[in-house]
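A look at the structure
Chain by chain, the residues run as shown.
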Amino acid sequence: MTDHTNDALSQPGLLTPSQSQRLRDLLADLEPGKGSVLTALHRAQHELGWVPRGAISLIAGQLRLTDALIYGPATFYSEFRLTPPPATLVAWCSGPTCRVLGGERIKLILEKTLDCELGQNGPNDDYGLWLGQCNGTCEQAPQVWVNGRVVGKLSLAGSARLAQRIRDGEGAAKIAPPPPGAVEIQPALIRKESP
Amino acid sequence: MTTAFQALRDAAGSPPTAQQRPLLRVDISTSSVAAGADAGLARLRDLVAARGIEIDILTVGSLGLSFAQPTLELQLPGKQPVVYGPVPPDEIEAFLDAVFADPVGQGDDSAWAIGVRGLNGAAGDAQDGVPPLSAHPFWGPQERRVMDQMGVIDPESLDAALAAGRYAALDQALDMEPMAICDLIEAAGVGGRGGGGFPAGRKWKFLLGAPGPTKYLVCNADEGDPGAFVNRILMESDPHLVLEGMIIAARATAASHGFIYIRDEYPLSVVRMRKAVAQAAAAGLLGGDILGTGMSFTLEVVRGAGSYVCGEETGLIASVEGLRGMPKLRPPFPAQRGVFDMPSNVNNTETYAHVPSALLHGSDWYREFGTESDAGTKMFSIGGALQRTGIVEVPFGSSMQALLSDIGGGVPANDKGAGKAKGIQPGGPLGGLLNADDLGLALERPPFTERGVLLGSGGLILFDERACAVDLSLYFSEFCEDESCGRCTTCHGGSQRLVEMLARITQGGGREADLDRLGVVDRALQNANCLHGQFTPYAIRSALRHFRDEVEEHVRDHRCAAKACRGLIRHRVSDPADPALAEAAALCPTDAFVGPDGERTIDDAACVQCGLCAELAPAAIVVEDRFPQAPVAASAAAAAGPSPAAAGA
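Residues numbered from 1 in each chain as written. Chains lettered and ligands numbered in written order. Predicted model: local features only at pLDDT ≥ 70, side-chain atom pairs only at ≥ 80, totals over all residues. Heavy atoms only, no water.

Remarks on the overall build of chain A
- A tally of regular secondary structure across chain A gives 9 helices and 5 strands.
- Counting from the amino terminus, chain A carries its helices and strands in the arrangement α-α-α-α-α-β-α-α-β-β-β-β-α-α.
- For chain A, restricting intrachain contacts to residue pairs at least 6 apart in sequence, the fraction spanning at least 24 positions comes to 69%.
- Carbon and sulfur atoms form 51% of the exposed surface of chain A, whose accessible area is close to 8100 Å². (Helix = DSSP H or I, 4+ residues; strand = E, 2+ residues; numbered from the N terminus. Contact = heavy atoms within 4.5 Å. Areas by Shrake-Rupley, 256 points an atom, 1.4 Å probe, with all protein chains shown as cover.)

Considerations on the packing of aromatic side chains
- Taken as a whole, this structure holds 11 aromatic pairs over all chains when the rule is applied.
- Relative to B:F206, the ring of B:F198 has its centre 6.3 Å away and its plane inclined at 35 degrees; by these criteria the two rings are tilted.
- Judged by its relative accessible area of 36%, B:F198 falls in the partly exposed class.
- You can call B:F206 partly exposed: its relative accessible area is 46%.
- Measuring from ring centre to ring centre gives 5.3 Å for B:Y216 and B:F259, while their planes differ by 55 degrees; the resulting arrangement is tilted. Here B:Y216, found in strand β6 (residues 216–221), pairs with B:F259, found in strand β7 (residues 257–262); they are 43 residues apart in sequence, far enough to count as distant. Note on accessibility: B:Y216 and B:F259 belong to one class, buried.
- Members of the aromatic cluster, connected to one another through ring pairs, are A:F76, A:Y77 and A:F80. (Phe/Tyr/Trp six-rings, centres within 6.5 Å; stacked < 30°, edge-to-face > 60°. Buried < 20%, exposed > 50% of the residue type's maximum accessible area, 1.4 Å probe, protein only.)

Brief notes about the sheet that holds strand β15 (residues 459–464) of chain B
- Overall, mixed pairing links the 5 strands, which are arranged β12-β11-β15-β13-β14 (chain B) in an open sheet. Both outer strands of the open sheet, β12 (390–395) and β14 (434–435) of chain B, are each paired with one neighbouring strand and no more. (Pairing = 2+ DSSP bridges.)

What about the sheet that holds strand β5 (residues 113–116) of chain B?
Residue and element names in this part refer to chain B.
- Sheet architecture is open: 5 strands sit in the order β2-β1-β3-β4-β5, paired in mixed fashion. On the outer flanks of this sheet lie β2 (56–60) and β5, each paired with one strand and no other. The sheet shows a mean angle of 20 degrees between the axes of neighbouring strands, direction not considered.
- Pairing of strand β3 (residues 72–75) with strand β4 (residues 82–84), which is carried by 3 bridges, proceeds in the antiparallel orientation. Among the inter-strand pairings, E73 is bridged to a residue of β4, identified as V83.
- Running over the sheet, helix α3 (residues 37–51) touches β1 (23–27) and β2 and is turned about 170 degrees from β2. (Axes fitted to C-alpha atoms, helices over the stretch in contact; angles between N-to-C directions.)

What to know about the interface of chain B and chain A
- If you look at the interface, chain B gives 70 residues, while chain A gives 51 residues.
- Here chain B packs against chain A, burying approximately 4800 Å² in sum over the two surfaces, 60% of which is carbon and sulfur.
- For chain B, the biggest contributors to the area lost against chain A are B:E265, B:A305 and B:Y475; these three give 11% of the whole.
- Applying the counting rule to chain B against chain A returns 4 salt bridges.
- Applying the counting criterion to the chain B and chain A interface returns 24 residue pairs in polar contact (both at pLDDT 80 or more). (Buried area = accessible area lost by both parts, 1.4 Å probe. Salt bridge = Lys/Arg side-chain N within 4 Å of Asp/Glu carboxyl O. Polar contact = N/O pair within 3.5 Å; in protein donor to acceptor, adjacent residues only side chain to side chain.)

A closer look at the pattern of salt bridges
- Per the stated rule, a full pass over the model turns up 52 salt bridges over all chains.
- Linking A:E31 and A:K34 is a salt bridge whose minimum nitrogen-to-oxygen distance equals 2.9 Å.
- Salt bridges sharing common partners tie together B:R570, B:R572, B:D604, B:E624 and B:R626.

Quick look at the domain arrangement of chain B
- Domain boundaries in chain B define domain 1 (11–135), domain 2 (158–366), domain 3 (377–467), domain 4 (470–559 + 640–646) and domain 5 (566–625).
- Taking only C-alpha atoms, the centre of domain 1 of chain B and the centre of domain 4 of chain B are 49 Å apart. (Domains from an automatic or database assignment.)

A closer look at the nonpolar core
- B:Y167, B:I260 and B:F297 are the most contacted members of the largest nonpolar core, which has 103 residues in total.
- Here the element with the most residues in this core is helix α10 (residues 239–253) of chain B; it accounts for 9 residues.
- In this structure B:F297 touches B:L217, B:M246, B:I247, B:A250, B:A255, B:S256, B:H257, B:G258, B:L286, B:G287 and B:I290, once residues within four positions along its chain are discounted.
- Residues A:L30, A:A60, A:F76 and B:V218 belong to the second largest nonpolar core, which totals 38 residues. (Core = buried A, V, L, I, M, F, W, Y, C linked by side-chain atoms within 4.5 Å.)

Focus: the packing of helix α3 (residues 37–48) of chain A against helix α5 (residues 67–76) of chain A
Residues and elements named next belong to chain A.
- Orientation of α3 relative to α5, taken along the N-to-C sense of each, is 70 degrees, at an axis distance of 10 Å. What the angle tells us is that α3 and α5 run roughly perpendicular. Judged by residue contacts, V37, L38 and L41 of α3 engage L69, I70, P73 and A74 from α5.
- Here the residues of the contact of α3 with α5 sort into 7 nonpolar, no polar and no charged. (Parallel < 35°, antiparallel > 145°, perpendicular 65-115°, else oblique. Nonpolar A, V, L, I, M, F, W, Y, C, P; charged D, E, K, R; others polar.)

Here's the deal with the environment of B:S269
Residues and elements named next belong to chain B.
- With respect to the helices, strands and loops of the structure, S269 is situated in helix α11 (residues 267–282).
- Looking at S269, the relative accessible area reads 0%, which means it is buried.
- Sequence spacing of S269 and G311 is 42 residues, and the spatial spacing of their C-alpha atoms is 16 Å.
- The residues touching S269, leaving out its near neighbours within four places in the chain, are R232, M235, E236 and I262.

Details of unusual backbone geometry
- A cis amide bond, omega -10 degrees, links A:A141 with the succeeding residue A:P142.
- Residue position: A:P142 is located in the loop between β3 (127–132) and β4 (144–146).
- Of note, the phi angle at B:L291 is positive, near 50 degrees, even though the residue is not glycine.
- Note that B:L291 resides in the loop between β8 (287–290) and β9 (295–303).
- Classification of B:L291 by relative accessible area gives buried; the value is 5%.
- Even without glycine at this site, B:Q609 takes up a positive phi of about 60 degrees.
- Look at B:Q609 and you get buried, because its relative accessible area is 3%.

Comments concerning the packing of helix α7 (residues 103–114) of chain A against helix α8 (residues 156–167) of chain A
Residues and elements named next belong to chain A.
- Here α7 crosses α8 at 25 degrees, and the two axes come no closer than 9 Å. As summarised for this structure, α7 and α8 are arranged roughly parallel, according to the angle between their axes. Every pair of crossing elements has a handedness; the one defined by α7 and α8 is right-handed. Along its contact with α7, which presents R105, I106, I109, L110, T113 and L114, the element α8 presents L156, S159, A160, A163, Q164, I166 and R167.
- Here the residues of the contact of α7 with α8 are counted per class, giving 8 nonpolar, 3 polar and 2 charged. (Left-handed = near helix turned anticlockwise from the far one by under 90°.)

As for the side chain of B:D264
- Along the chain, B:D264 falls in the loop between β7 and α11.
- Since its relative accessible area comes to 3%, B:D264 is described here as buried.
- A distance of 2.5 Å separates a polar atom in the side chain of B:D264 from a polar atom in the side chain of B:R303.
- Every residue in contact with B:D264, bar those within four places of it in the chain, is listed here: A:H42, A:E79, A:P187, B:R303, B:G304, B:A305 and B:G306.

So, the pairing of β9(B)
All names here are of chain B.
- Alignment of β7 against β9, held across 6 bridges, turns out to be parallel. The residue bridging I262 from the neighbouring strand is R303, located in β9.
- Here 2 bridges tie β8 to β9, and the two strands are oriented antiparallel to one another. Along β9, the bridge assignment pairs I290 with M295.

So, the confidence of the model for chain A
- Mean pLDDT over chain A works out to 89, with 90% of the residues at or above the 70 mark.
- Here helix α1 (residues 7–10) of chain A is the element of chain A with the lowest mean pLDDT, 49, and α8(A) is the one with the highest, 97. (pLDDT = per-residue confidence, 0-100.)

Focus on helix α21 (residues 548–557) of chain B
- Summarising burial for α21(B): 8 of the 10 residues are buried, a large majority.
- Looking at α21(B), one finds that the buried residues are B:R548, B:E550, B:V551, B:E552, B:E553, B:H554, B:V555 and B:D557.

Let's talk about the confidence of the model for chain B
Residue and element names in this part refer to chain B.
- Per-residue pLDDT for chain B averages 93, and the proportion of residues at 70 or more is 96%.
- Model confidence for chain B, summarised as mean pLDDT per element, is weakest for helix α24 (residues 634–639) at 47 and strongest for α10 at 98.
- Counting contacts from residues 634–649, a segment whose pLDDT is below 50, to residues more than four positions away or on other chains yields 20 contacts.

Pasting the structure below:
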């Protein structure tokens, strides 16, 4: 498994000049003192797929705040990721309807079969298993989101089969391909091209 | 009516009807997309184009029939609209074949038909063998006041909203004095729908009395309670209703600017609310001179980023300011010092949605439904071990039995035979647990509070006998620990101790003293700074009260009767010859099966008790107690009586 726990500290997470420029353009309209930290972090994450160290400094500069005042919210809010997303992201729904229908055991099966714990990525960031928050599509329970698309009404065996397919190299494009004109219902973190 | 509003209404025209061409409404909302509605819509458009079918396709929000997603509604010229569902993408073609059979309308659509929806608020009539929707158990008992246009109008069109009557109440409010609006809303008894129930009109008066000119209005759409999704469907299906309520509130409080704080898990709500705000601003319903009356109010949508405590109003305010969403001590209350230290008012999304109709029809009309403590109607999201999940609107005071058993259809049959309800989980992670004996409770705040639980913001989850009260308490405690903001030690330390104790109990390490010590942690948590910490022990406190025997059995006998706590059970092969074991062994996540085909056993050290093998080979696997012992005398459990740990309720 790939453990990114200390990435933010050990890797410089520097942005390439072109990434810096794109991000600077995206943040240009944000003014200091207007409570724009979350907006800025969202834009950075949308552009880059995650929030690298360099983006934090760049946002701090734009909003005239210290890096710490950006790093705080970036770590407090669970939707901001300080590690790169996997190519195929399995977000496990932690909601209570899923729970009373066997969700906890599904998590266990996914963790053991994929050999990564909740919040971690597999080898080469090919896939990862992260926590997803309930968005109220409980008629599909128990469910996971594969790159933001629902894979629902899972049995225990069905979740093991799903995990085996992902472990054996089937990506999200094959497991849950988005249709033309797909509507986003989960904040899907899709890995962008590497710099 | 202001001339500006008259002009807007005239330009908007009248609601779409199927006068010449059939009108097909396609539900595009989070729950329909989860069932594949976006793929279905793409398929539908392809087929309609390929076959040259003359039809108007309208994307709408959700009727609330989540159990039947994806839903469609077809209205043929001269007929009433018929609701269909589920129509998954791979059945779209067969569906079109049926409804556009020759002659049109005479095909067999019975595989998908749910009911005939009446027009203009009236109940539908049976049509071509399809019963009226009002005869459907899910639909009939509802009183849809704020939901009246949901799933009917295009949520991304201001004209559709205007044609459906939106902003007429605002137009009326612009003729009223702010205090008169506050009085009317207070007299109607519009209460906070987030769970507090505080009268909105009275809350508004605090802000009206606060010094200006900069005052903020906040819409709390950070619907963090997992299992509750009423705000989501409101914003996705009728965003202009929420905006209208907010602009009326701004008129009543002289607020200058508003924030709609939406949780990040609702991307479609963010898109539709942003679109609605932009449309309203362009039409002069927001801005410096609203409908030519000189009233000034602007709005922006703030996207949260995944934090449960931001649903607490002071945490939400901190988040709007771009800080970590940590709740603060009150006082000062937001009406004194809120967003950026300016006077502010925070209401739930559904609260704002109730304002326009209350204003338009008056307080007597509003109080036709509801009870003394909770006036009007309430939206509920129902789920769990339930036949029909979805969103409904019923009067406050309706029976929970009617909601869950009649509307929701009760517990479906499962692998253990006919389902039996065991309990209800109301009000989110902080709401506690109720025994199924209390199914008959009226849906208003007082009876829930009396039983040590919260009605909360409208999420109700039914669970059956496969669920365990201790396991659920652990689950909710873990959730609360994870979501504790970390500011006060009482909360983050207390919730950690609670999780540790419950985890130990579910792993067979329960001790007699735990029964009292859970109460000690509970009492300590009452000193937490905000409601998050104070309500964290509600789950275990209510479990001790309503599922006392079950908790004691876990603690004393290390036994889980529901076989849900993995630390207290063991899977054993009872019939090694069962061929179904081969697949179970192939899928076993920890490869715990040892031995050749026909002689398989489970290696207890490797097994994590996930239950996969029992699901695949139910005849070959027995689930037994990990700590077998003589059953406890029934009299001991009966003598325990009411819970000493319920102190502080």
